Amino acid sequence: MQPLRFDGKVVLVTGAGNGLGRAYALAFGGRGASVVVNDLGVDRTGTGTSAKAADKVVFEIKANGGKAVANYDSVEDGEKLVKTALDAFGRIDIVVNNAGILRDKSFARISDDDWDMIHRIHLRGSFMVTRAAWPHMRKQKYGRIIMVSSNAGIYGNFGQANYSAAKMGLVGLCNTLAVEGQKYGIQCNTIAPVAGSRLTETIMPKDIVEALKPEYVAPVVLYLCHDSCEENGSLFEMGAGWVGKLRWERTKGAVLRTTKTPITAEGVRDNWDKITDFTDSTNPETVQESSAQMVGLVNSPGEETEEQDSGSQGNMDIVSQIKAFRPSTNTFPFTYTERDAMLYALGVGVSTRQSDYLKFLFELSEDFTVLPTFAVIPGFAAISAVAEMDIEGLSIDPTKILHGEQYTELYKPLPRSGTLKSTMRVADIVEKKSGLLLIVNVDTVDAEGEKVFFNQYVTFVVGAGPIGAPNSSKEQVPVLDPPKRAPDASMIEKTDEDQAALYRLSGDYNPLHIDPAFAAMGGFKTPILHGLCSYGHAVRHVMAKFADNDMSRFKAVKVRFVKPVLPGQSLQTDMWKEGNRIHFTTKVVENGNICIAGAYVDLHGNDSVSAQSEASGRMKCDAIFRYMQANMPNRPDLIQKVNAIFEWKILDNGKQAAQWIIDLKSGKVPQVYQGGIRQGKVDCTITIGDDDFKLLTERKLNAQKAFMSGKIKLSGNIAIAQKLGQIFDVPAAKM
């Protein structure tokens, strides 16, 4: 596993002169970040000023080889703090709102000044700093924000009414920023640390303070701020090496009114035990989910309730109820063996007539492999739970349910057998002219709770609606059109007349695929093949043509099901290679109908390229590319000036050890990333040794002479390599 690095990132830590803030600043500085160390130098009550605390931490970071500058402004002057980051490092990526003071007094003795000062520093100060950083984070489509709350805010504490109120206010601020920032790539989380500091030494024994080291908290902040962390809008409590996540829990409650009986104080009294009973509690995560659960309980079957207001608001209640739906049991265990994997392989067309059938059909084969598309099977029980929906205003005809789209992503190759657990949620609902799309996300973990794969099932309910839902969704993984050129490869395979009967034994028992009478009710002349069966065939075709049937290279697949396939018909898959993405379209040979469209498989790079992960950290090129990765998005002018995609193959001891892409063509801003190309087509490939690459970027190696001597090898559009000088128009000292 690679260490968590922050090279190229700029971090602002408020109140970083002592305690927890100092620990955060040192931790970020030690992992490659450029750090703005803010500290006004006040005492713990907020009086006095001094530059000494911030300067000392800056000195410590620099002494350890890091980059840091000091800032001595109050957090109420948030613009000044952010300006320091922009002036020194050119950007702002991460804000840790840590600054704080204490003015502890019992509630009866708190003065106006005691109350206002605490809120000005903790709550208003965090607001001012974050507001100043917000537009820069929005513009760069990236940001990480940490609000530092306290267990006193969560639970309350004697003598800290002012402090508790401010700290709980930060939780609410964080929750809203997490919602508003999500579409801009900004994540916000709250921590409630317990650590020994000058703020806690007045309320905890000295030996406890010494045991609760700030260094035990800093690693949590590092992870929450790293690119690899997807957590957003969450609250964590931590201390002494322990970390836990908090969430709201709500009782099922009681409905205290009907059309004949008004709600009364006596009714509340008589139902108090039910109102406060946590036996069947729920855990709402959003305002919409909270409201939807409440409406769902009030409008549950058998209850006599007042009529709802008519119009669009009633429709939106239906949408909210659908998105808040959870099955009665939202944990779906699935245990499988080699036999199940082999049965699935037969169901998607693997045959003993194929040359390498043993790896899929023989459990004693040394390289026995589970097909990656088998991942749709464990999650099928979770998606089937949608049938439990019983929502007034939503009509679902089981004979009119079709599988519209499918996305599957593997986090690691599937084991040959195992026990898995899946959970589902309705991510969104989309209204079309002829029905509704239900977008259902299913996460699957192994027995140790580690993520194994993710599925997104898009189900089309023909004839359902209208219910006032939007006509598009950002939650839906998009399909992509293939390149407008002849396919790079094609493969034709005939399905068996019993293919649907065989495939359904893996778990999809929808009678639409076996019973002619049921198929007729759905408008089909005969039973049709499962869309996921055609999907399994098509992905096998891609893996055979472009991965030599090495299933460990499979990463993800997205498909849209267009028209049905009948058992016994032949499938033709046309494929286009674009880097590590293989676009494909599948059609029925007998009638020319497209059955799968907008589809693609993402592959992991080959072994020679994957070696870059092992080399990372010791390669000189790594720091250079990381710097470009952080700063090149600020140069959108390069798109027009260069208009090319460069692939860099970096050698170590004569062997390829790293691969990087500089994309100055595909988007509105430059992209720099490690690994194979994600979109478009490489214009020029440059192969160069690691040491020579460093010399090239430092202008110590003449590119033309290096090319003539063989130190640099070019392929593709060689002429466009002349524009590389504009890419490296950055002071070498900064790289």
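In what follows, the accompanying structure is described. (Residues numbered from 1 in each chain as written. Predicted model: local features only at pLDDT ≥ 70, side-chain atom pairs only at ≥ 80, totals over all residues. Heavy atoms only, no water.)

Let's talk about the sheet that holds strand S20 (residues 655-663)
Selection rule: Only strands joined by at least two bridges in the DSSP assignment are considered to pair. Elements are defined by DSSP. Helices are runs of H or I of four residues or more, strands are runs of E of two residues or more, and each kind is numbered from the N terminus. Interaxial angles span 0 to 180 degrees and are taken between N-to-C directions of axes, which are lines fitted to C-alpha atoms, for helices over the stretch in contact. Residue contacts follow a heavy-atom distance rule, with two residues in contact if any of their heavy atoms lie within 4.5 Å.
Taken in spatial order, the five strands make up an open sheet running S21-S20-S19-S22-S23, and their pairing is mixed. Sheet topology places strand S21 (671-674) and strand S23 (712-716) at the edges, where each strand pairs with a single neighbour. Strand-to-strand twist of the sheet, defined as the mean angle between neighbouring strand axes without regard to direction, takes the value 20°. Both strand S19 (residues 645-652) and strand S22 (residues 684-689) contribute to a ladder of six bridges, which runs parallel. What sits directly across from Trp648, in S22, is Ile686. On top of the sheet, helix H21 (residues 620-631) reaches S19, S20 and S21; it is set at about 10° to S20, its chief contact. Where helix H23 (residues 690-697) meets the sheet, its contacts fall on S19, S22 and S23, and the angle it forms with S22 comes to roughly 110°.

A closer look at the nonpolar core
For the record, the criterion: We call a set of buried residues a nonpolar core when its members are Ala, Val, Leu, Ile, Met, Phe, Trp, Tyr or Cys and they connect through side-chain atoms within 4.5 Å of each other. The buried label goes to any residue with under 20% of its type's maximum accessible area, the exposed label to any with over 50%, and the partly exposed label to all in between, with areas taken from a 1.4 Å probe on protein chains only.
Ranked by size, the top nonpolar core spans 71 residues in total, and within it Leu414, Phe584 and Val601 carry the most contacts. Take this core: its biggest share by element is eight residues, from helix H18 (residues 531-546). Discounting residues that sit within four places of it in the chain, Phe584 has contacts with Ala538, Val542, Val557, Val559, Thr573, Asp574, Met575, Trp576, Ile596, Ala599, Tyr600 and Val601.

Concerning the environment of Ser417
Here Ser417 lies in the loop between strand S10 (401-410) and strand S11 (418-432). Judged by its relative accessible area of 32%, Ser417 is partly exposed. As a C-alpha pair, Ser417 and Asp340 span 77 residues in sequence and 8.6 Å in three-dimensional space.

A word on helix H13 (residues 338-347)
Those residues of H13 that fall on the buried side of the exposure criterion are Ala341, Met342, Leu343, Tyr344, Ala345 and Gly347. Lining the buried residues of H13 we find helix H14 (358-361), helix H16 (499-503) and H18. A positive phi of about 100° marks Gly349, the residue just after H13.

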